[in-house]
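# Structural overview
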Amino acid sequence: MSAQAQSVMSEQERMRYVGPVLYIAGLGRSGSTMLECVLGSHPEVAALGEVLHLWDRGIVKDELCGCGAPFSACDFWLAVGDRAFGGWARVDLERVSVLHDAVDRHRRIAKVLSPIQTSNYRRLIRLYNDLYLRIYDAAAEVSGARLVIDSGKHGSLAASLANSDEIDLRVLHIVRDATAVAFSWSKAVHRPEAQSEEDALMVRYSSPLSSALWMLQNLEVEALRAKGVTPVRLRYEDLVAQPPAALSHTLKRLGLSSFRPAVEGRVQLRTQHTVAGNPMRFSRGVLTLRRDDAWKASMATRERRIVKALTAPLRAAYGYSG
Ligand SMILES: [Zn+2]
């Protein structure tokens, strides 16, 4: 961001949101978008989707918001951009990219979570966090919500945010059995929000790669404790088996009981301005929560064995057997 843009929106002018920010962490295909849809059905919640993708998929590629409008035509994001930065055009994307590389990477996480950081590195983390704080503040102001959700999933962004004293960060760690997750990553999934052929499908991973990512991503979330943030774990399987009980228990542990959505086996969805995420974010009407067990009938035994071998210690710790 340019110094000019900084001065336009100085700390004095900027409306600071002091409410909680709920960060949904975990590996993709673990039910994070469904969880965000369910939590976002509460009238006082603003679910923003995966905010870390806003810079590329929103500003650059102008992909579809969860409301169905292109990012550049969504009134919500236009208002958020104005309040946060004096307009999205004033954001220095090159600078965002440099800060992202310096802070928000798997390979940086030990440095970001370290109790010993140089003053220069602390400054980079602060500048990077400020981009997100501005968005959360503006989103809360524009929506009038009392809880903002970022379903960014990456432990590295949560680690960066955990360095900030200016954010009331709560982390919900969604976990799903590694075998089901690996099967999901092996499938071709269409991206309705894409604006070009090359972005038309979600990325696919082999079983060994998705297993490695499952271990890495979940361990990164566990590591947030180093910065005093205790992630509250929710298993996808428990969520779909008993939604009211699982959500009650989880939100209570997060200190967010007042945001419990009206959900039984089904939930009435609200339109949310999610900037990125799984195609489920475009769902409308009533969402029925049911367990997706397609992998049990379709996943090859060899693939299951690979995944189980590579993820055994953490699978057991999360209560997955067999
Ligand atoms: Zn929108």
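As shown above, the structure is provided for reference.
Residues numbered from 1 in each chain as written. Predicted model: local features only at pLDDT ≥ 70, side-chain atom pairs only at ≥ 80, totals over all residues. Heavy atoms only, no water.

## Quick notes on the side chain of Gln217
The following threshold applies: Helix and strand definitions follow DSSP, with helices as H or I runs of at least four residues and strands as E runs of at least two, each counted in order from the N terminus. Two residues form a contact once any of their heavy atoms are found within 4.5 Å.
Tracing the backbone through its elements, the reader meets Gln217 in helix H10 (residues 207-222). Here Gln217 is in contact with Gly26, Leu27, His106, Lys153, His154 and Gly155, once residues within four sequence places are set aside.

## Remarks on the environment of Ala25
Structurally, the position occupied by Ala25 is in strand S1 (residues 20-25). A sequence separation of 126 residues divides Ala25 from Ser151, and the C-alpha atoms of the two residues are 6.7 Å apart. Those residues in contact with Ala25 that lie beyond four places of it in its chain are Lys153, Val171, Leu172, His173, Ile174 and Val221.

## Overview of the sheet that holds strand S5 (residues 232-235)
Let me state the cut-off plainly: Note: two strands are recorded as paired if DSSP finds a minimum of 2 bridges between them. As a rule, the C-alpha atoms of each element are fitted with a line to give its axis, helices using only the stretch in contact, and angles between N-to-C directions run from 0 to 180 degrees.
Here five strands make up an open sheet; going across it, the order is S2-S3-S1-S4-S5 and the pairing parallel. At either end of the open sheet lies a strand with only one pairing partner, and these are strand S2 (45-47) and S5. Across this sheet, the average inter-strand angle for adjacent strands is 25°, counted without regard to direction. Direction of pairing for S1 relative to strand S4 (residues 168-175): parallel, over a ladder of six bridges. Bridged to Leu22 within S4 is Arg170. Against the sheet, H10 makes contact with S1, strand S3 (147-153), S4 and S5, and its axis sits at roughly 150° relative to S4, the strand it touches most. Those strands touched by helix H12 (residues 243-253) are S4 and S5, and its axis lies near 170° from that of S5.

## Structural notes on the coordination of the zinc ion
Where we set the bar: Listed donor atoms are N, O and S within 2.8 Å of the metal (Na, K and Ca: 3.2 Å). As water is not included, a site may look incomplete. In these descriptions, tetrahedral denotes four donors with every angle between 85 and 135 degrees, square planar four donors and octahedral six donors with opposite donors over 155 degrees apart and the rest between 65 and 115, and irregular any other case. Whether a residue is buried, partly exposed or exposed follows from its accessible area with a 1.4 Å probe, protein chains only, as a fraction of its type maximum: under 20%, in between, or over 50%, in that order.
At 2.1 to 2.3 Å from the zinc ion lie its protein donor atoms, namely Cys65 (SG), Cys67 (SG), Cys74 (SG) and His273 (ND1). For the zinc ion, the four donor atoms in the first shell make angles of 97 to 120° at the metal, a pattern classed as tetrahedral. We note that the donor set of the zinc ion lies within a single chain, spaced as C-x1-C-x6-C-x198-H. One end of the pair, Cys67, is in the loop between helix H3 (54-60) and helix H4 (75-85); the other, His273, is in the loop between strand S6 (266-268) and strand S7 (286-288), and 206 residues separate them in sequence. The exposure class assigned to His273 is partly exposed, which follows from its relative accessible area of 25%.

## Regarding the nonpolar core
Soluble, globular proteins show a tendency: their nonpolar side chains are buried together. Quick note on the threshold: Among buried residues, those of type Ala, Val, Leu, Ile, Met, Phe, Trp, Tyr and Cys that are joined through side-chain atoms within 4.5 Å constitute a nonpolar core.
Of all hydrophobic cores here, the largest spans 55 residues; its most connected members are Trp55, Trp77, Trp88 and Tyr132. Those elements that place two or more of their residues in this core are S1, H3, H4, helix H5 (93-103), helix H6 (109-113), helix H7 (119-143), helix H8 (155-161) and S4. With twelve residues, the single largest contributor to this core is H7. Beyond its immediate chain neighbours, meaning those up to four positions away, Tyr132 contacts Val51, Leu52, Trp55, Asp150, Leu157 and Leu161. With 29 residues, the next largest nonpolar core counts Leu39, Val240, Leu247 and Leu256 among its residues.

## Points about unusual backbone geometry
Excluding glycine, residues mostly carry a negative phi; peptide bonds, for their part, are mostly trans. Phi is positive for Asp62, close to 55°, though the residue is something other than glycine. Within the secondary structure, Asp62 sits in the loop between H3 and H4. For Asp62, a relative accessible area of 23% translates into the label partly exposed. The backbone of Lys153 sits at a positive phi, close to 70°, despite the residue not being glycine. Relative to the helices and strands, Lys153 resides in strand S3. Under the relative-accessibility criterion, Lys153 is labelled buried at 13%.

## Overview of the environment of Arg191
Mapped onto the elements, Arg191 comes out in the loop between helix H9 (178-186) and H10. Taking the C-alpha atoms as reference, Arg191 lies 9.5 Å from Gly277; in sequence the two are 86 residues apart.

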